[in-house]
Amino acid sequence: MAKQPRNGKVTVVGAGFYGSTTALRLAEYDVFETVVLTDIVEGKPEGLALDMNQSRPIEGFETQVVGVGGGSYEGTEGSDVVVITAGLPRKPGMSRMDLIETNAGIVRQVAENIARTSPDAVVIVVSNPLDEMTALAQLATGFPKHRVMGQAGMLDTARFTNNVAEELGVPVSSVQTLTLGSHGDTMVPVPSRCTVDGRPLADVMAPDRVEHLVQRTRNGGAEVVALLKTGSAYYAPSAAAARMARAVMEDSGAVMPVCAWVDGEYGISGVYLGVEAEIGREGVRRVVESDLAESELTGLREAAEAVRAKQADVADL
């Protein structure tokens, strides 16, 4: 089978662990022409890009990685997709909301630069607090809401899936789970949509264990932060962001749980929220509604109200 030609440019803003790992994953897909890694630190993204390019003969990919330091956006112009990882990570004991004011200033500046240099890009936000920073990025870019989305549900769903697989001692490939809502305390894992080898999760696990795994999923990021002591998760988050960027560039129509603008679905309007969405070249093609248990729907609506006020606040940050 002929190899799919490489095309398009993806920019990753922020060359920390999260950003650099995302850039490498995108490059190793070997479906993009160029991956640009940019950061305010002079030399860091250039050095990382050189290192990644030198791995191409070993890993067998041709995508060119370009590093741009010093806060410059030269070389990012005309990007098809931009992934925003810039911002401070959590420290032990911090909530995602503790980062809101500091990261709001960073994300606003990044978003304004993206609007100037890549006015047709699809933007994927991963900076925390995720739901609020996604709303801010849309306001600051002025882009249509379908072209700005956040990475959260992909990561939280992966954590839920891994938790279930480890609890039952089964392959992760045999487990299907879903999380919606916010990327935080009002996250809504959806046990009614979870299966193990096609069987409902409720048929193979006691209710108290399901609830335990739901809580562990909600605290998944904090669990990693507490163990690392410095920094936060980046392997699983970068995998999620990279998959989203690839779905955009390939116009795949894949249905993924992401932070998307909700306008009437589930009886919720006017807020960025974790839902399933069909992803394509224009960003979010549509929000995909599915049947939820009454308690799950209630949780989703409560999550919407919890993030609505915070998202309104970021307009002034």
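Remember, it's a predicted structure, so these values are computed and weren't measured experimentally.

Trainee: Where do I start with helix H1 (residues 17-29) in this structure?
Mentor: Note on helix geometry: an α-helix contains 3.6 residues per turn, so any two residues three or four positions apart are oriented the same way. Its 13 residues place the ends of H1 18 Å apart at the C-alpha level, agreeing with the 18 Å of an ideal helix rising 1.5 Å per residue. Taken together, the buried positions of H1 are Tyr18, Gly19, Ser20, Thr21, Thr22, Ala23, Leu26, Ala27 and Tyr29. Those residues of H1 that are buried lie in contact with strand S1 (9-13), strand S2 (34-38), helix H2 (44-54), strand S3 (64-68) and helix H10 (235-249). Positive backbone phi, at 60°, marks aspartate 30, one or two positions downstream of H1.

Trainee: Even after reading the chapter, I still don't get the state of the cysteines, so can you show me in this structure?
Mentor: Each disulfide consists of a covalent bond between the sulfur atoms of two cysteine residues. Under the counting rule described, the total for this entry stands at 0 disulfides. The thiol of cysteine 194 is unpaired, and the distance to the nearest cysteine sulfur, on cysteine 259, comes to 20 Å. Residue classification places cysteine 194 among the buried positions, given a relative accessible area of 2%. Here cysteine 259 falls in the buried class, since its relative accessible area comes to 0%.

Trainee: Can you help me understand the sheet that holds strand S7 (residues 175-176) in this one?
Mentor: Whenever strands of a sheet pair, they do so through backbone hydrogen bonds, lying parallel or antiparallel. The strand order S7-S10-S11 describes an open sheet built from 3 strands, whose pairing is antiparallel. Pairing within the sheet leaves two strands with one partner each, and these edge strands are S7 and strand S11 (199-200).

Trainee: Just checking my understanding: could you explain the pattern of salt bridges for this structure?
Mentor: As a working rule, side chains carrying opposite charge can pair if their charged atoms are close by. A full pass over the atoms with the stated rule returns 11 salt bridges. Among the salt bridges present, the one from arginine 216 reaches glutamate 223, with a minimum N-O distance of 2.9 Å. Arginine 216 gets classed as partly exposed once you look at its relative accessible area, which sits at 30%. Its relative accessible area of 32% is what places glutamate 223 among the partly exposed residues. Where arginine 246 meets glutamate 250, a salt bridge forms, and the shortest distance between an N and an O atom there is 3.1 Å.

Trainee: Got a minute to help me understand the nonpolar core in this structure?
Mentor: Generally speaking, soluble globular proteins have nonpolar side chains that are buried together. Within the largest apolar cluster, 53 residues are counted, with the highest numbers of intra-cluster contacts made by Leu26, Met149, Leu273 and Ile279. With 7 residues, H10 is the largest single contributor of residues to this core. Counting residues in each nonpolar core, the second largest holds 24 residues, with Val110, Leu130, Ala135 and Ala137 among its members.

Trainee: Which parts of the structure should I look at to understand unusual backbone geometry?
Mentor: Negative phi is the rule for most residues except glycine; trans is the rule for most peptide bonds. Geometrically, the link from asparagine 128 to proline 129 is a cis peptide bond, its omega value of -5° lying close to zero. In this structure, aspartate 30 takes a positive phi of about 60° despite not being glycine. By secondary structure assignment, the location of aspartate 30 is in the loop between H1 and S2. We note that aspartate 251 has phi near 50°; this positive angle belongs to a residue other than glycine. Mapped onto the elements of the fold, aspartate 251 is located in the loop between H10 and strand S12 (254-263).

Definitions and limits used
- Residues numbered from 1 in each chain as written.
- Predicted model: local features only at pLDDT ≥ 70, side-chain atom pairs only at ≥ 80, totals over all residues.
- Heavy atoms only, no water.
- Helix = DSSP H or I, 4+ residues; strand = E, 2+ residues; numbered from the N terminus.
- Expected span 1.5 Å × (residues − 1).
- Buried < 20%, exposed > 50% of the residue type's maximum accessible area, 1.4 Å probe, protein only.
- Contact = heavy atoms within 4.5 Å.
- Disulfide = S-S within 2.5 Å.
- Pairing = 2+ DSSP bridges.
- Salt bridge = Lys/Arg side-chain N within 4 Å of Asp/Glu carboxyl O.
- Core = buried A, V, L, I, M, F, W, Y, C linked by side-chain atoms within 4.5 Å.

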